[in-house]
Amino acid sequence: GEQTEGYYPCLNPKIFQPNELDVEQWMKSAASLNMKEICLTAKHVGGFTMWPSEFTPYGVQSAMNWRGGKGDVLREFVDAAKRWGIKICYYINPMTDGYLANVANVSAAEFQRRQKGMMTEVLTKYGPVNRLWFDGVNTGVVQKDMQTEAVYKPYYDSVFKMIREISPDTLISAYRGDVCTSIGSLYT
């Protein structure tokens, strides 16, 4: 229907309309709890970016019903966090992107190039980033020819290397990062 029109199986960006977005209220609440870090989902497995990325058309820049496609959630988020002295964390998994894998159907090489481009944008334009949060793979929104460990382990290794070069102090946490979880820390 209208929710997926032209983007199936992903959602149509026209339904993205956080008209009451108030990141100052988020930071005020976080500060009142004495929080030192706050995490925002910058791009979830569907691939929709909360910033206007040069590496995908599927993000806030295509949400014409919200600020005429000129909105930038990450800019508001990071600016408010800086004002309140709260460190930032982003959930942004470089392995999952339903739009690029299933709608745009880009090649594995192009998928990887775009994911690294998005990660670079987040680290260089929306930081400093204290922590990046990743989680699992093989969710059905991974580029199909990247689903074997022989392919995704070297890819993750190259992503980690890139992150360390761009932002060496950024912690990569959970599942495949710097912090152990109940299943261990893989590919560090």
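Residues numbered from 1 in each chain as written. Predicted model: local features only at pLDDT ≥ 70, side-chain atom pairs only at ≥ 80, totals over all residues. Heavy atoms only, no water.

> Is there a simple way to explain the overall build of the protein in this structure?
In terms of regular secondary structure, the protein is built from five helices and four strands. Each of the 188 residues in the protein was classed as buried or not, and the buried ones make up 46%. Considering only contacts within the protein whose residues lie at least 6 apart along the sequence, 66% involve residues at least 24 apart. Of the roughly 9100 Å² that the protein leaves accessible, carbon and sulfur atoms contribute 53%. (Helix = DSSP H or I, 4+ residues; strand = E, 2+ residues; numbered from the N terminus. Buried < 20%, exposed > 50% of the residue type's maximum accessible area, 1.4 Å probe, protein only. Contact = heavy atoms within 4.5 Å. Areas by Shrake-Rupley, 256 points an atom, 1.4 Å probe, with all protein chains shown as cover.)

> Would you mind going over the packing of aromatic side chains with me for this structure?
To describe a pair of aromatic rings, you give the distance between the ring centres and the angle between the ring planes. Throughout the structure, instances matching the rule amount to 12 aromatic pairs. Judged by centre distance (5.3 Å) and plane angle (85°), the ring pair of F48 and Y58 falls under edge-to-face. Residue F48 is found in the loop between β1 (37-43) and α2 (73-84), and its partner Y58 is found in the loop between β1 and α2; the two are separated by 10 residues along the sequence. In terms of burial, F48 and Y58 fall into one category: buried. Taken together through their ring pairs, the aromatic side chains of Y7, F16, F48, Y58, W66 and Y99 make up a single cluster. (Phe/Tyr/Trp six-rings, centres within 6.5 Å; stacked < 30°, edge-to-face > 60°.)

> When you look at the environment of P128 in this model, what are you seeing that I'm missing?
Among the secondary structure elements, P128 is positioned in the loop between α4 (108-125) and β3 (129-133). Given a relative accessible area of 66%, P128 falls into the exposed group. Beyond its immediate stretch of four places on either side in the chain, P128 contacts K82 and I88.

> Teacher, can you tell me more about the side chain of T170 here?
Of note, T170 is situated in the loop between α5 (149-166) and β4 (171-173). A polar contact is formed between the side chain of T170 and the side chain of S167, at a distance of 2.4 Å. (Polar contact = N/O pair within 3.5 Å; in protein donor to acceptor, adjacent residues only side chain to side chain.)

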